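# Survey of secondary and tertiary structure
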Amino acid sequence: MSGISRHTEQDCLGCRLANGELPVHMVYENEWIACFLDHDPFNEGHVLILPKAHYRFIDDMDSETALAMLNASQVMSRTIRELYAPFGITQTQNGGGPDELTHFHLHIVPREKGQAFSSFYTGDEWDNEALKSRLADTRIRLAEAIEKQLSALRGN
């Protein structure tokens, strides 16, 4: 990692997840952000993007981190569209409601046509055990596709 100085909160779950202190299904990371699969996915390919430094809100972020978040959301969305051909993709910060994580995070959620999304905000349980059982395979497939996207952007 470069000489970036970042503030992390010792007791912050988001900081610990983004900085590899807890196990996640990482699909991409750089100096500023970490992108990994949601452990309780709404659909296959549901990704979280977190800054590695501790920020509660996007308007607290430095420009480099905010730009890294936006760039990652583009790459994640493009890759999800390519792999899963969803009807649409919803991007929502902090789950769109009360934030128990207390660390800014952006959900990138592939959606099917006509799929209700209210349960995402209400906390209702989803029938997603099959998705959870495939997280390791989904991670490999998504990470490989992301690397191809990034290589194409770099002109490799």
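Before reading further, recall that the structure is shown in the block above.
Below: a short report on this structure. Remember, it's a predicted structure, so these values are computed and weren't measured experimentally.

With that out of the way, let us pick up the state of the cysteines. Cysteine pairs can be linked by a disulfide, which is a covalent bond between their two sulfur atoms. Counted according to the given criterion, the structure contains zero disulfides. With no disulfide of its own, C15 lies closest to C12 among cysteine sulfurs, the gap being 3.7 Å.

Once that is clear, we can look at helix α2 (residues 63–84). Residue pairs three or four apart in sequence face the same way in an α-helix, which turns once every 3.6 residues. Here α2 contains 22 residues, and its C-alpha end-to-end distance of 31 Å stays within 8% of the 32 Å for a straight helix at 1.5 Å per residue. Looking only at α2, the buried set comprises T65, A68, M69, A72, S73, V75, M76, S77, T79, I80, L83 and Y84. In this structure, the buried side of α2 is in contact with β1 (26–29), β2 (33–37), β3 (47–51), β4 (88–93), β5 (106–111) and α5 (135–154). With a side-chain oxygen lying 3.1 Å from the backbone nitrogen of E64, the N-terminal cap of α2 falls on D62. Positive backbone phi, approximately 45°, marks A85, located one or two places after α2.

Moving on, we get to the packing of α2 against α5. Running from amino to carboxyl end, α2 crosses α5 at an angle of 120°, the nearest separation of the two axes being 9 Å. α2 and α5 meet at a crossing whose hand is right-handed. Contacts between α2 and α5 involve V75, M76, R78, T79, I80, E82, L83 and Y84 from the first element and T138, R141, L142, A145, I146, Q149, L150 and L153 from the second. Of the residues contributing to the contact of α2 with α5, the split by class is 10 nonpolar, three polar and three charged.

Quick look at the nonpolar core now. Counting 26 residues, the largest nonpolar core has V27, C35, V47, I49, M76 and L142 as the members making the most contacts within it. For this core, the element with the highest residue contribution is α2, accounting for eight residues. The contact partners of C35, leaving out residues within four places of it in the chain, are M26, V27, Y28, V47, L48, I49, A72 and M76. A18, M26, L50 and L101 belong to the second largest nonpolar core, which has eight residues in total.

Let us look at empty space enclosed by the protein. According to the stated counting rule, one finds one cavity of 30 Å³ or more in the structure shown. Roughly 50 Å³ of internal volume is contained in the largest cavity. Of the residues belonging to the lining of the largest cavity, the class tally is four nonpolar, four polar and one charged.

What counts as what
Residues numbered from 1 in each chain as written. Predicted model: local features only at pLDDT ≥ 70, side-chain atom pairs only at ≥ 80, totals over all residues. Heavy atoms only, no water. Disulfide = S-S within 2.5 Å. Helix = DSSP H or I, 4+ residues; strand = E, 2+ residues; numbered from the N terminus. Expected span 1.5 Å × (residues − 1). Buried < 20%, exposed > 50% of the residue type's maximum accessible area, 1.4 Å probe, protein only. Contact = heavy atoms within 4.5 Å. Polar contact = N/O pair within 3.5 Å; in protein donor to acceptor, adjacent residues only side chain to side chain. Axes fitted to C-alpha atoms, helices over the stretch in contact; angles between N-to-C directions. Left-handed = near helix turned anticlockwise from the far one by under 90°. Nonpolar A, V, L, I, M, F, W, Y, C, P; charged D, E, K, R; others polar. Core = buried A, V, L, I, M, F, W, Y, C linked by side-chain atoms within 4.5 Å. 1 Å grid on protein atoms, 1.4 Å probe; cavity = no way out; pocket = protein on both sides within 12 Å on 5 of 7 lines; lining within 4 Å. Points joined across faces, edges and corners; volume = space filled by probe spheres on them.

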